[in-house]
Amino acid sequence: MTIESQIQTYFNTHPESKRSDMQELHNLILELMPKCKLWFLDGKNSDEKVVSNPNIGYGLRTIQYAGGESKEYYQIGVSANTAGISIYILGINDKTYLTRTYGERLGKAKITGYCIKFKPLKDIHIEILK
């Protein structure tokens, strides 16, 4: 199964309103980053135990660990959660940056150091999100 088909299967597991919001967000990210690497993480560990919500990843960044080991990971992640949708922006060193820069302008969203959570997509300003 291709990554794109895994993503579409993941979208199809959600109710229509969340599915269409996820699809719109997916299309938006691909429009902004047309040649990005796509990822799909099913949320399971090596023992097939569910340890997180599934994530769709976009882009590529390399994480360098203290021991010299490095690992490739996505730059932007999107995941459905029980309350709505989460967008993860990895690699931000200043954990106040998102809130300071976009917090008051983004709309009805909870913003942490690297995560933007919202219910329906219509609750946030898409142009600010871009």
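Residues numbered from 1 in each chain as written. Predicted model: local features only at pLDDT ≥ 70, side-chain atom pairs only at ≥ 80, totals over all residues. Heavy atoms only, no water.

Chemist: I would appreciate a short explanation of the pattern of salt bridges in the present structure.
Modeler: Going through the model one piece at a time under the given rule, you end up with three salt bridges. The salt bridge involving Arg19 is made with Glu16; its shortest N-O contact spans 2.9 Å. Residue Arg19 and its partner Glu16 are located together in helix 2 (residues 16–32), separated by three residues, close to a single helical turn. Taking the relative accessible area as the measure of exposure, Arg19 reaches 23% and is therefore partly exposed. For Glu16, a relative accessible area of 48% gives the class partly exposed. A salt bridge links Glu127 to Lys130, with the nearest nitrogen and oxygen atoms 3.1 Å apart. (Salt bridge = Lys/Arg side-chain N within 4 Å of Asp/Glu carboxyl O. Helix = DSSP H or I, 4+ residues; strand = E, 2+ residues; numbered from the N terminus. Buried < 20%, exposed > 50% of the residue type's maximum accessible area, 1.4 Å probe, protein only.)

Chemist: Looking at this structure, how should I read unusual backbone geometry?
Modeler: Keep in mind that most residues, glycine aside, have a negative phi and that most peptide bonds are trans. The residue Glu48 is not glycine, and still its phi comes out positive at about 65 degrees. The class for Glu48 is exposed, based on a relative accessible area of 53%.

Chemist: Explanation requested: the environment of Arg105 in the structure shown.
Modeler: By the element assignment, Arg105 lies in the loop between helix 3 (97–102) and strand 7 (110–111). Residue class for Arg105 comes out partly exposed when judged on its relative accessible area of 43%. Arg105 sits 103 residues away from Thr2 along the chain, and the two C-alpha atoms are 37 Å apart. Side-chain polar atoms of Arg105 contact the backbone oxygen of Thr101, separated by 3.2 Å. (Polar contact = N/O pair within 3.5 Å; in protein donor to acceptor, adjacent residues only side chain to side chain.)

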